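Per-entry structural report
Chain by chain, the residues run as shown.
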Amino acid sequence: MKYFILIIIVFVSLTVLSVKVTLGDDDHEHHRYSVFERQPGVAPVKNHLYEQECSSCHFAYPPGLLPAQSWQAIMTGLDDHFGENAELAETDRSAIQGYLLGNSADKSELRRSQKIMRSVTESAVPLRITELPYFKREHHEIPARLVKDNPEVGSFSQCDRCHQEAKNGYFSENKISIPGYGRWDD
Amino acid sequence: MKTLIILALIYAITYLPASYAGAVDQLLNEYAASKTAAFDADQGKILWTKTYTNNEQSQARSCATCHTENLGALGKHAKTRKPIEPLAPSVNAERLTDVKTINKWLLRNCKWTMGRECTAEEKGHLLTFIQSQ
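Just so we're clear, the structure is a prediction, and the values are computed from it rather than from any experiment.

Attention now moves to the overall build of chain B. Secondary structure assignment for chain B yields 5 helices and 2 strands. By residue count, 36% of the 133 residues in chain B fall in the buried class. Long-range pairs, those at least 24 residues apart, make up 53% of the contacts in chain B between residues at least 6 apart in sequence. About 8,200 Å² of surface is accessible on chain B, with carbon and sulfur atoms providing 57% of the total.

As a further point, take the packing of aromatic side chains. Between two aromatic rings, the relevant description is the distance of the centres plus the angle of the planes. With the rule as written, the count across this model stands at 5 aromatic pairs over all chains. Ring geometry for Phe135 of chain A and Phe156 of chain A: centres 5.7 Å apart, planes at 85°, overall edge-to-face. On the criterion of sequence distance, the pair formed by Phe135 of chain A in helix α6 (residues 133–139) and Phe156 of chain A in the loop between α6 and α7 (159–162) is long-range, its members being 21 residues apart. Of the residues examined, Phe135 of chain A reaches a relative accessible area of 11% and is grouped as buried. Relative accessible area serves as the criterion here: at 33%, Phe156 of chain A is assigned to the partly exposed category. Here the aromatic rings of Trp48 of chain B and Phe129 of chain B are separated by 5.8 Å at their centres, their planes lie at 55°, and the arrangement is tilted.

Taken residue by residue, chain B gives an average pLDDT of 86. The fraction at 70 or more is 83%. Among the scores for the predicted complex, ipTM is 0.71 and pTM is 0.75.

For the rest of this paragraph, the subject is the interface of chain B and chain A. Contacts between chain B and chain A engage 12 residues on the former and 19 residues on the latter. When the two sides are added together, the surface that chain B and chain A hide from each other amounts to roughly 1,500 Å², 41% of it contributed by carbon and sulfur. Looking only at chain B, the three residues that lose the most surface to chain A are Arg81, Lys82 and Arg108 of chain B, adding up to 35% of its buried area. Here chain B is connected to chain A by 3 salt bridges. Its salt-bridge partner being Asp92 of chain A, residue Lys100 of chain B comes within 2.7 Å of it at the nearest N-O pair. Linking chain B to chain A there are 11 residue pairs in polar contact (both at pLDDT 80 or more). Partitioned by chemical class, the residues of the side of chain B that touches chain A number 3 nonpolar, 2 polar and 7 charged.

With that settled, consider unusual backbone geometry. Working note: non-glycine residues mostly have negative phi, and peptide bonds are mostly trans. Residue and element names in this part refer to chain B. Notably, Thr68 is not glycine yet its phi reads approximately 65°, a positive angle. Looking at the element boundaries, Thr68 is found in the loop between α3 (63–67) and β1 (75–76). Its relative accessible area of 28% is what places Thr68 among the partly exposed residues.

What follows deals with the state of the cysteines. A complete count under the given rule lists 1 disulfide over all chains for this structure. A disulfide bridge connects Cys110 of chain B with Cys118 of chain B, and the sulfur atoms are separated by 1.9 Å. Sign of the S-S torsion, about -95° for the bond between Cys110 of chain B and Cys118 of chain B, identifies this disulfide as left-handed. Of the two residues, Cys110 of chain B and Cys118 of chain B, neither departs from the other in class, the shared state being buried. The structure places no disulfide on Cys54 of chain A, whose sulfur is separated from the nearest cysteine sulfur, that of Cys57 of chain A, by 8.6 Å. Taking the relative accessible area as the measure of exposure, Cys54 of chain A reaches 16% and is therefore buried.

The rules behind these values
Residues numbered from 1 in each chain as written. Chains lettered and ligands numbered in written order. Predicted model: local features only at pLDDT ≥ 70, side-chain atom pairs only at ≥ 80, totals over all residues. Heavy atoms only, no water. Helix = DSSP H or I, 4+ residues; strand = E, 2+ residues; numbered from the N terminus. Buried < 20%, exposed > 50% of the residue type's maximum accessible area, 1.4 Å probe, protein only. Contact = heavy atoms within 4.5 Å. Areas by Shrake-Rupley, 256 points an atom, 1.4 Å probe, with all protein chains shown as cover. Phe/Tyr/Trp six-rings, centres within 6.5 Å; stacked < 30°, edge-to-face > 60°. pLDDT = per-residue confidence, 0-100. Buried area = accessible area lost by both parts, 1.4 Å probe. Salt bridge = Lys/Arg side-chain N within 4 Å of Asp/Glu carboxyl O. Polar contact = N/O pair within 3.5 Å; in protein donor to acceptor, adjacent residues only side chain to side chain. Nonpolar A, V, L, I, M, F, W, Y, C, P; charged D, E, K, R; others polar. Disulfide = S-S within 2.5 Å.

Set out below in C-alpha cells:
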C-alpha cells in the first residue's frame, strides 16, 4: 500500500512537471523534451467527405488554417480553383462548405488558428494559406532551394512534405524534416 | 425464415456485382442515346493523347499530362505533383465502379484539358478505352 501511494505521488509530480515544461515550450525552444505531447496547433481534419474529395489532388488542409470568409470564397469558386477545375456535385459542395465554415480558424481555440486570426484583418479574405501574414512570418527564412527549387517539395502548398505530422495538426519545428535536407533548425 | 435468407442471398448474388460492373455500361447507354455508331477504344486512345493548348498558360495539355500514356502506371497531378493511382481497371479494381465519381472527373478533367465539357461521343470513346486497359 505504501509503495502504491509512493508510485502515485511520483507519477502525479512527473505529470505536473511535464505539463509545465510543455506550456513553457515555444517554437524556438524545442530542445526540451516532454513525454506528453502537447495538443496540436490546429485541429486535424475530421470529415470523410472533405478528405476524400479534396485530398485526391492536394493535402487536405485543416479548416483551422483559414478564416471562415476565405473558405466561403474558395467554396463558391471551385470551377476556377487556383487555375484548376474542382467542381463538385452541389450536395457535396455544400456539405464540405458546412464543415469548413464550422471549423474555420476563427472558431478554433487552438494555438496556431488563433495566431492566424490575429495576423489577418477582419475584412481580409486571404485565398491562400501561404499568403497569410502569420504563414509568411514563419517561413520567410526558408531558402528557395529547400522548397520551390527542391524537386521533392516544389511549393509551400505541400505542407506535409516537410511537416511530417501536418495531417495530425502538428506544425512544430521538431516535427519538420525537409526532403533531401533533413531537420530544419533556425 | 430459411427461405427468406436464401432469397436474400440469391438477390445479393444476382444484383450486387452487376451494379458495380454496370457503372460504365450505364453511362455508355446514356451516351449512346445521342449517337448511332459504336464506341471505340481506339478512338478513345487517340483522344487520350490529343493535346490542347487553349488554356491560360498556353501549355499543351492532354489526359496523359497527368495520367501518363500508360494507364496501368502511377500518374502525377500536373500542378500539385500528388501521385494519381493507376486508372486501368486491370491494375486498380476501384476504378470505373461509381457513376458519380466518373461523372465528376470527366467534367473536371475535360474542362481542364480541352477547355470545355466533353461531348457524349467523346466520353463514350474515352470510357471504352479506359475500361479496356
